[in-house]
Amino acid sequence: MLSFALSLLLQAAPIAAPQTPPSPAWPTREADLTLRDFRFASGESLPELRLHYATLGTPHRNKAGEIDNAVVVLHGTGGSGKQFLSPQFANELYGPGQPLDIRRYFIIMPDNIGHGASSKPSDWMHERFPHYDYADMVAAQAKLLDHLGVRKLRLLFGTSMGCMHGFVWGTTHPERIQAMMPMACLPVEIAGQNRMWRKMAIDALRDDPVKGMRTAADLLLLAGLNPVATQAEAPTREKAEALLATRFDATIKGRDAEDLIWQLDSSRTYNPQPLLERMTMPVTWMNSADDFINPPGLGIAEREAKRLPNGKFILIPQSAETKGHGTHTWAKFWKGELVELLKRSE
């Protein structure tokens, strides 16, 4: 099996240095929602689909008895809801007087299908796990909100894959969103360079899960780099190769070949472009100029943003401080825009 073969590589790989741990100050509550007889867009089904999630804060009900302070935060490919407890995100947003002060907002952080502690191929079904796509993931998120009694979100915030989920939400369930902040994506079919690097990784993993994981991890690293910061950090061949080794170890740690194939391929049916005019809620959409996955030179974002009735697009300038594609999780670069969005969507 792919999972067994990859485990041999993981045993041989050096242990990565531990990453900065989540702040222990955030009082999260975690739970699992079991969705029974869940049917996928492919026609496949599962008798039970587990959706894991964490929350911060407390639901507030308005005079009509409806929860009016719910914020859903959606992670990227290969991530989980807990990534939004990292200091560069949580410490900038959740504290007293900060934009998403948990005394005021009810924060919902799901692990999406195929990710984190939610149902995924490596749990037991492996290659027989349903071939989920973004529509399935959004459908499961909607059922989670129903379970929590949330009819309408005060804010939908998503990064990378979560950004694309936001565009799916906005074009299929616009009535359930008061404001939206998608970060680091484009609202068009995954094609061109973006589909090519994903397909390269998928093909490598399917051909040989051990060697293929090396290729896939290298592609993931390349896709996430800020070239300016990387050149400054590794200005010689020796330093570049040492940095690659360190980051490779961190990237491969804990990954499963089958899970990664399914994660990368779940974008295959994504294309909200024809329906963008349905997104009438206030939207602040942000990409970064140093993003390999969504290169600004394509001009797609500027073109499609004009179709959002109440939206605006902002490109974060490249610098030695930005984080490439991962700039989306460093709130210091954009939290002022979040404050402005919350004000204009009151």
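First, a word on scope: everything that follows refers to the structure included in this document. (Residues numbered from 1 in each chain as written. Predicted model: local features only at pLDDT ≥ 70, side-chain atom pairs only at ≥ 80, totals over all residues. Heavy atoms only, no water.)

1. Re the packing of helix 5 (residues 192–207) against helix 6 (residues 209–224)
Between helix 5 and helix 6, the shortest axis-to-axis distance is 6 Å and the interhelical angle comes to 160 degrees. What the angle tells us is that helix 5 and helix 6 run roughly antiparallel. Taken as a pair, helix 5 and helix 6 cross one another with a handedness that is left-handed. Residue-level contacts link W197, M200, A201, A204, L205 and D207 of helix 5 to P209, G212, M213, T215, A216, L219, L220 and A223 of helix 6. Residue classes in the contact of helix 5 with helix 6 are distributed as eleven nonpolar, two polar and one charged. (Axes fitted to C-alpha atoms, helices over the stretch in contact; angles between N-to-C directions. Helix = DSSP H or I, 4+ residues; strand = E, 2+ residues; numbered from the N terminus. Parallel < 35°, antiparallel > 145°, perpendicular 65-115°, else oblique. Left-handed = near helix turned anticlockwise from the far one by under 90°. Contact = heavy atoms within 4.5 Å. Nonpolar A, V, L, I, M, F, W, Y, C, P; charged D, E, K, R; others polar.)

2. Here we look at the pairing of strand 3 (residues 70–74)
Most of strand 3 is tucked away: five of the five residues are buried. Side chains of strand 3 alternate between two faces, with A70, V72 and L74 and V71 and V73 buried alike. Bridging between strand 3 and strand 4 (residues 106–110) involves three bridges; their strand directions are parallel. The residue bridging V72 from the neighbouring strand is I108, located in strand 4. Each parallel crossover has a hand, and for strand 3 linked through helix 2 (residues 87–93) to strand 4 it is right-handed. Where strand 3 lies against strand 5 (residues 155–159), four bridges are found, and the strand directions are parallel. (Buried < 20%, exposed > 50% of the residue type's maximum accessible area, 1.4 Å probe, protein only. Pairing = 2+ DSSP bridges. Right-handed = clockwise from strand over helix to strand, strands pointing away.)

3. As for the pattern of salt bridges
This structure, assessed with the given rule, holds 21 salt bridges. Ionic pairing is found between K82 and E30, a salt bridge with its closest N-O pair at 3.1 Å. One end of the pair, K82, is in the loop between strand 3 and helix 2; the other, E30, is in strand 1 (residues 29–39), and 52 residues separate them in sequence. In this structure K82 comes out as partly exposed when scored by relative accessible area, which is 43%. A residue is classified by how much of its surface remains accessible, and E30, at 41% relative accessible area, is partly exposed. Across the salt bridge formed by D265 and R195, the nearest N and O atoms sit 3.1 Å from each other. One end of the pair, D265, is in helix 9 (residues 257–265); the other, R195, is in helix 5, with 70 residues separating them in the sequence. For D265, a relative accessible area of 12% corresponds to the buried category. According to the relative accessible area criterion, R195 is partly exposed, its value standing at 22%. (Salt bridge = Lys/Arg side-chain N within 4 Å of Asp/Glu carboxyl O.)

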